[in-house]
Number of protein chains: 2
Amino acid sequence: MKIGVFDSGLGGLTAVRELIKIAPGVDIVYLGDTGRVPYGSKSRETVITYSEQAVKWLINRGVEAIIIACGTVSSVALERLESPVPMFGVVGATAYRAVECTNNGKIGVIATEATIRSKAYEREILRLNKDFEITSRSCPLFVPLVENGRISADDKIVESIIEDHLRDIKSAGVDTLLLGCTHYPLLSDAISRYMGRVTFIDAGREAARSCVKELGLNQSGDFGEFKCYVTDFVDDFQAQASVFIGDAIISSVEKIQL
Amino acid sequence: MKIGVFDSGLGGLTAVRELIKIAPGVDIVYLGDTGRVPYGSKSRETVITYSEQAVKWLINRGVEAIIIACGTVSSVALERLESPVPMFGVVGATAYRAVECTNNGKIGVIATEATIRSKAYEREILRLNKDFEITSRSCPLFVPLVENGRISADDKIVESIIEDHLRDIKSAGVDTLLLGCTHYPLLSDAISRYMGRVTFIDAGREAARSCVKELGLNQSGDFGEFKCYVTDFVDDFQAQASVFIGDAIISSVEKIQL
């Protein structure tokens, strides 16, 4: 089975990490649109155009399913994308998991501006339980932090940005925090320190899990191929990728044009 | 006279602001590649490809000169760009001005990662005076700050990021600080508060001045046309643009594809 994984940048590698863990036998084609990253501050129309190009490219590579491992694409473009193979976004899976996890019915949702503006997570959670109380907040400086490797809980800048972005979410007394952008799990330690005891819902991980479950993929076996494609190839790709992917072995990395 | 002004996003509007002030009669065609912004974290090759497309587009619009109002493009791509009309980047003009302004021969240079990596400003300043002492630093979180409207000197996040990014520049005792990215002048107040008495060199302003001077443009007259083109059109374009351009009147704004 060959699975395509698409993200605007490298954050979607968090979904690949989970996929390799729970269904090691699949072949993975990862596509990161690093030449046009970030999507989260761009218009809906532009995100749709870029995503259509990416999905088309993945289908031409022969993938049999696609994980949209990008909160922004899943929220603002997924319903507009056409594909002959099944697609798994992060919204449905994470909303479901958040509803399962909360005890006090108070859920925090953090994501990019485009995602929060779309209210996609909110709508999906309320569809599952209309009595839940949701506090949403865009966190526009989290992606720049992660992309610059500033993720330590001891970093003064990280601390002050988290305090600024999450103040309202903390005051709301949420017990579950949905990380609606695949970059955010990298900041878990620092967010934990500020928020105290909350359950994190990781968008990339949940999308990978729902794909494996829905397709009934084999959860054991030898490691498959993991090919990586990007639209801009930066010098320190391996270093940057390893932040998200850990020590998984990338079979090849290639620059392509969409 | 019709002048093209190109930037990866809206920061280049700081050059337009100066251009309108000192040569009001010119017609201006502004092109901001907002659909692929930022350039500063992308590879040299990609920045060159994007810039070639932009310059070609401007020439097809009939501009008679082009201001490359983007520190990253000026530093890493300008020498590779071909154009039948004169092009004015920010590097030469700002380096010249910095050398003119310093009293103690100690100059700070701040810009995006791609620009600092290129050492373009450093090389240009040392070519003018090889005895000057230059302290350079990339400031990767400044563009995200400005793009999110976080520019107040009283903003705690702004304060902590400035302190983090400019610590070495401050210790070096520079008396002149070259703002090598057209977004940075928006942070002048906040940077001033941290740095104390230093002279700022504004990349957009200097590029506009050098263009007007070299072409001997008329420094008075009625206002010309000012047309704006972007590759992504966000909802709050006018609000975002006014941060850079003040109350200048934009004749029209249109979304185009490069």
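Residues numbered from 1 in each chain as written. Chains lettered and ligands numbered in written order. Predicted model: local features only at pLDDT ≥ 70, side-chain atom pairs only at ≥ 80, totals over all residues. Heavy atoms only, no water.

Facing the 30 residues of chain B at the interface are 30 residues of chain A. Of the roughly 2200 Å² buried at the junction of chain B and chain A (both faces included), carbon and sulfur atoms supply 48%. It is B:L141, B:N148 and B:I157 in chain B that bury the most area against chain A; as a group they hold 20% of the surface buried on that side. The interface formed by chain B and chain A holds six salt bridges in total. A salt bridge links B:D164 to A:R150; its shortest N-O distance comes to 2.7 Å. Summed over the shared surface of chain B and chain A, the number is 13 residue pairs in polar contact (both at pLDDT 80 or more). Elements with a minimum of two residues in the side of chain B that touches chain A: α2 (44–60), α7 (142–147) and α8 (156–171) of chain B. A per-element tally of the side of chain B that touches chain A places α8(B) first, with seven residues. (Contact = heavy atoms within 4.5 Å. Buried area = accessible area lost by both parts, 1.4 Å probe. Salt bridge = Lys/Arg side-chain N within 4 Å of Asp/Glu carboxyl O. Polar contact = N/O pair within 3.5 Å; in protein donor to acceptor, adjacent residues only side chain to side chain. Helix = DSSP H or I, 4+ residues; strand = E, 2+ residues; numbered from the N terminus.)

This part is about the packing of α8(B) against helix α9 (residues 188–195) of chain B. Residues and elements named next belong to chain B. Running from N to C, α8 and α9 cross one another at 55 degrees; their axes reach a closest spacing of 10 Å. Comparing the axis directions of α8 and α9 gives the class oblique. With respect to the hand of their crossing, α8 and α9 are arranged in right-handed fashion. Residue-level contacts link V158, I162, E163, L166, R167, I169 and K170 of α8 to A190, I191, Y194 and M195 of α9. Of the residues in the contact of α8 with α9, the class split is eight nonpolar, no polar and three charged. (Axes fitted to C-alpha atoms, helices over the stretch in contact; angles between N-to-C directions. Parallel < 35°, antiparallel > 145°, perpendicular 65-115°, else oblique. Left-handed = near helix turned anticlockwise from the far one by under 90°. Nonpolar A, V, L, I, M, F, W, Y, C, P; charged D, E, K, R; others polar.)

The second copy of the chain is related to the first by a rotation about an axis and a shift along the axis. Superposing chain B onto chain A takes a rotation of 180 degrees combined with a translation of 0.0 Å along the rotation axis, leaving an RMSD of 0.0 Å. The transformation just described matches what one would write down for a two-fold rotation axis. Considering only C-alpha atoms, the residue of chain B closest to the rotation axis is B:R36, which sits at 2.3 Å. Interface overlap between copies: 100% of the residues of chain B at the interface are likewise at the interface in chain A, consistent with a symmetric, same-surface contact. (Least-squares fit on C-alpha atoms with pLDDT ≥ 70 in both.)

All names here are of chain A. Overall, parallel pairing links the four strands, which are arranged β6-β5-β7-β8 in an open sheet. Across the chains shown, the open sheet's two edge strands, defined by having one partner strand only, are β6 (133–138) and β8 (199–202). The sheet shows a mean angle of 20 degrees between the axes of neighbouring strands, direction not considered. Relative to β8, strand β7 (residues 176–179) is paired through four bridges, and the arrangement is parallel. Paired with T176 across the bridge in β8 is T199. Contacts from helix α4 (residues 91–101) reach β5 (106–111), β7 and β8 within the one sheet, and its direction differs from that of β8 by about 165 degrees. (Pairing = 2+ DSSP bridges.)

All names here are of chain A. Scanning the model with the defined rule gives 30 salt bridges over all chains in all. Taking the shortest distance from any N to any O, the salt bridge between R209 and E206 comes out at 3.5 Å. Note that R209 and E206 are positioned in helix α10 (residues 203–215) at a spacing of three residues, about one turn of the helix. For E206, a relative accessible area of 6% gives the class buried. Three or more residues joined by partner-sharing salt bridges are found here, namely E18, K21, R97, E100, E206 and R209. (Buried < 20%, exposed > 50% of the residue type's maximum accessible area, 1.4 Å probe, protein only.)

As a further point, take helix α1 (residues 13–22) of chain A. Counting buried positions over the 10 residues of α1(A) gives eight, a clear majority of the element. For α1(A), the secondary structure elements touched by its buried residues are β1 (2–7), β2 (27–32), β3 (65–68), α10, β9 (226–230) and α11 (237–245) of chain A.

In this section: helix α6 (residues 120–128) of chain A. Side chains three or four residues apart in an α-helix point the same way, a direct result of the helix having 3.6 residues per turn. All names here are of chain A. Turning to α6, its buried residues are A120, Y121, E124 and I125. End-on, the buried residues of α6 take up no more than an arc of 125 degrees, which puts them together on one face. Exposed side chains of α6 directed beyond 90 degrees from the buried face belong to R123 and R127. (Arc of directions from axis to C-beta.)

Core analysis: the biggest nonpolar cluster contains 152 residues, and A:F142, A:I191, B:F142 and B:I191 have the highest contact counts within it. If near-sequence neighbours (up to four positions away) are discounted, A:F142 is found in contact with A:I110, A:I161, A:I162, A:H165, A:L166, A:Y184, A:L187 and A:I191. (Core = buried A, V, L, I, M, F, W, Y, C linked by side-chain atoms within 4.5 Å.)

On to the pairing of β2(A), then. The two faces of the sheet receive side chains in turn, since in a regular strand these alternate between them. Residues and elements named next belong to chain A. Across the six residues of β2, five count as buried, placing the element largely inside the fold. Sheet topology note: the β1/β2 ladder contains six bridges and is parallel. When the bridges of β2 are listed, G4 appears paired with V29. For the crossover from β1 across α1 to β2, the handedness is right-handed. Across five bridges, β2 lies against β9 in parallel orientation. By the bridge assignment, L31 is partnered in β9 with Y229. (Right-handed = clockwise from strand over helix to strand, strands pointing away.)

A few words now on the confidence of the model for chain A. Of the residues in chain A, 99% have a pLDDT of 70 or more, and the chain-wide mean is 95. On the interface metric, ipTM, the complex scores 0.91, and its pTM is 0.93. (pLDDT = per-residue confidence, 0-100.)

Residues and elements named next belong to chain A. A cis amide bond links V37 with the next residue in sequence, P38, at an omega value of 0 degrees. Positionally, P38 belongs in the loop between β2 and α2 (44–60). The phi dihedral of K119 falls on the positive side, at around 55 degrees, and the residue is not glycine. By the element assignment, K119 lies in the loop between α5 (113–118) and α6.

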